[in-house]
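Listed here are the chains, written in short residue letters.
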Amino acid sequence: MALKVHLEIKAGENFSPRNEYVGSFDEAQLNILKEKFNTEGRVHFWSVSEELPYDEGYKAAMDGEASEKNPYAEHFWKHNEWWLGWDAYHESND
């Protein structure tokens, strides 16, 4: 399962949103992300939410991954949800 980390990067008076996807999240992961965006500004705000299987599949399709990359076992409900997201991307972008 993926976690979505939403960050607001502040540079001067401007704020830029960034989304990163991680497998787990703790203080060390936050520090890694802060370092990654250090050249753009400082992290002003962050939040973490669970990424839904549909959204994971949609993002995987956007990234060009094949449907065989579905990380969930076929008998698990998340497998179908992931595939629906993957398929929705292809139906709307082909």
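Keep in mind the model is a prediction, meaning the values are calculated, not measured.

**Re the overall build of the protein chain**
- Looking only at helices and strands, the protein chain features three helices and three strands.
- Reading the helices (α) and strands (β) of the protein chain from amino to carboxyl end gives β-β-α-β-α-α.
- Here the C-alpha radius of gyration of the protein chain, 16 Å, is well above what a compact globule of 94 residues would show, namely 12 Å.
- Principal-axis analysis of the C-alpha atoms gives the protein chain an extent of 45 × 30 × 15 Å.
- Counting only residues that meet the buried cut, the protein chain has 31% of its 94 residues in that class.
- Of all intrachain contacts in the protein chain linking residues separated by at least 6 positions in sequence, the fraction that spans at least 24 positions is 54%.
- Of the roughly 6300 Å² of accessible surface on the protein chain, 49% is carried by carbon and sulfur atoms.
- The positive charge centre, built from 9 side chains, and the negative charge centre, built from 19, are 9 Å apart in the protein chain.

**Remarks on the pattern of salt bridges**
- Tallied over the entire structure, the rule returns three salt bridges.
- For Arg 18, the salt bridge identified is with Glu 40, shortest N-O distance 2.6 Å. In this pair, Arg 18 sits in strand 2 (residues 14-22) while Glu 40 sits in the loop between helix 1 (27-36) and strand 3 (42-50), placing the two residues 22 residues apart along the sequence.
- Arg 18 gets classed as partly exposed once you look at its relative accessible area, which sits at 27%.
- A relative accessible area of 33% places Glu 40 in the partly exposed class.
- Residue Glu 20 pairs with Lys 36 through a salt bridge whose shortest N-O separation is 2.9 Å.

About the criteria used
- Residues numbered from 1 in each chain as written.
- Predicted model: local features only at pLDDT ≥ 70, side-chain atom pairs only at ≥ 80, totals over all residues.
- Heavy atoms only, no water.
- Helix = DSSP H or I, 4+ residues; strand = E, 2+ residues; numbered from the N terminus.
- Rg over C-alpha atoms; globule rule 2.2 N^0.38 Å.
- Buried < 20%, exposed > 50% of the residue type's maximum accessible area, 1.4 Å probe, protein only.
- Contact = heavy atoms within 4.5 Å.
- Areas by Shrake-Rupley, 256 points an atom, 1.4 Å probe, with all protein chains shown as cover.
- Lys, Arg positive; Asp, Glu negative; His and termini not counted.
- Charge placed at Lys NZ, Arg CZ, Asp CG, Glu CD.
- Salt bridge = Lys/Arg side-chain N within 4 Å of Asp/Glu carboxyl O.

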